[in-house]
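Listed below, chain by chain, are the residues.
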Amino acid sequence: MSLPGVLERIAQAAQRAGRSPHEVRLVAVTKGHPVEEIREKVLAYGDFPLGESRVQEALPKMEALQAEWHFIGPLQTNKARFMPRFALVHSLDSLRLAQALNRVGEKEGRPLRVLVEVNLGREPQKHGFLEEDLPEALARIRDLPFLRVEGLMTVAPIAPEAVLRPLFARLSLLADRYRLRERSMGMSDDFELAVEEGATLVRVGRAVFAVD
Ligand SMILES: *Cc1c(COP(=O)(O)O)cnc(C)c1O
């Protein structure tokens, strides 16, 4: 595809669902791609937020590129101290990490913006809270003064539309229930479905960088 192609697909999916395309932000996932390529294939088209899933890979790129960076991958508590450099952490997946991030926010003197990750596909190898654990987890995380919970995030399984669509709809419903604005869902293979089902942030890597 390419970034403009992805944007067009997002707009079409939004339209099919009766949503405004402005409700959806594209986070260009830049893992595995060097700075030059990110300039050429993403930033040439505008100031898109950039997503990285590993701290070691992200830090040098952040030095080189002025952008709104999002952290989207599994985060070890010992790397929590780097999170103030990111505008949004999508992958808050444990109470222990929440407490570590809260301490970092306190040191910074400002709350860190986070999304709470939900393992909706119930895959053992995936991160995130199980849905049944979400109410209590959210209550406890929202009690932490130096975190600002802005939404929910999920990494969906590789599955057909009949499985994915209800799963994305479920994340939207949960976000509504807890009065959370952001729903981070959808990747290269399924971002259109996610937009149709209410995504406000799609995290797209391969489709942005692929050459047609
Ligand atoms: C890599 C990654 C993406 C993007 O995946 P693509 O299939 O390249 O679009 C999205 N979210 C997370 C958490 C990722 O690690």
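Once a new chain begins, its residue numbering starts again from 1 and follows that chain's sequence as written. Whole-chain, interface and lining totals are the exception, using all residues; otherwise, since this is a predicted model, local features are given only for residues with pLDDT of at least 70 and side-chain atom pairs are given and counted only at 80 or more. Side-chain descriptors were evaluated using all non-hydrogen atoms of the structure, hydrogens and water having been removed beforehand.

The name given to the chain in an unreviewed UniProt entry is Pyridoxal phosphate homeostasis protein, with the source organism recorded as Thermus filiformis. Among the UniProt annotations of the chain, the heading Cofactor (unreviewed entry) holds the following wording: "pyridoxal 5'-phosphate". UniProt positions are given in the numbering used here, feature names are shortened, and annotations may be inferred rather than shown by experiment.

Undergrad: I keep staring at the site of the ligand and nothing clicks. Help me out?
TA: In the vicinity of the ligand, the residues found are V29, K31, I72, M187, S188, R203, V204, G205 and R206. Identification of polar contacts relies on pairs of N or O atoms within 3.5 Å, with a donor-acceptor requirement for protein atoms, meaning one able to donate a hydrogen and the other able to accept it, and with residues adjacent in sequence counted only if both atoms are side-chain atoms. A distance of 2.9 Å separates a nitrogen atom of the ligand from a polar side-chain atom of R203. A distance of 2.8 Å is found between an oxygen atom of the ligand and a side-chain nitrogen or oxygen belonging to R206. Within the complex, 86% of the 390 Å² of free accessible area of the ligand lies under protein. We place a 1 Å grid over just the protein atoms. Points where a 1.4 Å probe fits but has no way out form a cavity, open points with protein on both sides within 12 Å along at least 5 of 7 lines form a pocket, and any residue with an atom within 4 Å of a point lines it. To be counted as sitting in a cavity or pocket, a molecule needs more than half of its atoms within 2 Å of that site's grid points. The site holding the ligand turns out to be the largest pocket. Tallied by class, residues from the shell around the ligand come to four nonpolar, two polar and three charged. When we say a residue is near a molecule or strand, we mean one of its heavy atoms is within 4 Å of it. Note on areas: Shrake-Rupley, 1.4 Å probe, and residue coverage restricted to the protein chains presented here. Residue polarity is assigned by list, with Asp, Glu, Lys and Arg as charged and Ala, Val, Leu, Ile, Met, Phe, Trp, Tyr, Cys and Pro as nonpolar; anything else, Gly included, falls into the polar class.

Undergrad: Mind showing me how you'd approach unusual backbone geometry here?
TA: What is expected of a backbone is that most residues other than glycine have negative phi and most peptide bonds are trans. The phi dihedral of S2 is positive, around 140°, even though this residue is not glycine. A run of H or I in DSSP becomes a helix once it reaches four residues, and a run of E becomes a strand once it reaches two; helices and strands are each numbered from the N terminus. Inspection of the secondary structure puts S2 in the segment before α1 (3-16).

Undergrad: What am I meant to see in helix α6 (residues 161-177) here?
TA: Expected span of a helix: the number of residues minus one, times 1.5 Å. The first and last C-alpha atoms of α6 sit 24 Å apart over 17 residues, in line with the 24 Å expected at 1.5 Å per residue. Exposure classes here rest on a 1.4 Å probe applied to the protein chains alone. A residue is buried below 20% of its type maximum, exposed above 50%, and partly exposed in between. Every buried residue belonging to α6 is among L164, L167, F168, L171, S172, L174 and A175, and all of these are buried. Viewed along the axis of α6, the buried residues span an arc of 160°, placing them on a single side of the element. For α6, the elements touching its buried residues are α5 (134-142), β6 (147-153), β7 (182-184) and α7 (191-196). Once α6 finishes, R179 follows within two positions and takes phi at roughly 55°, a positive value. Of all possible arcs, the one meant is that of the directions from the helix axis to the C-beta atoms. Any pair of residues with heavy atoms lying within 4.5 Å of one another is described as a contacting pair.

Undergrad: What is the right way to read the packing of aromatic side chains from this model?
TA: Aromatic ring pairs are reported here in terms of the distance separating the ring centres and the angle at which the planes meet. Working definition: rings of Phe, Tyr and Trp (its six-membered ring) pair if their centres are within 6.5 Å, and the pair is stacked with planes under 30 degrees apart, edge-to-face with planes over 60 apart, and tilted otherwise. Applying the stated criterion to the full structure yields one aromatic pair. Centroid distance F71 to F86: 5.4 Å. Interplanar angle 80°. Geometry classified as edge-to-face. Taken together, the residues span a long stretch of sequence, with F71 in strand β3 (residues 69-71) and F86 in the loop between β3 and β4 (88-92) at a distance of 15 residues. On the basis of relative accessibility, which here comes to 1%, the residue F71 falls in the buried class. The buried category is assigned to F86, whose relative accessible area is 5%.

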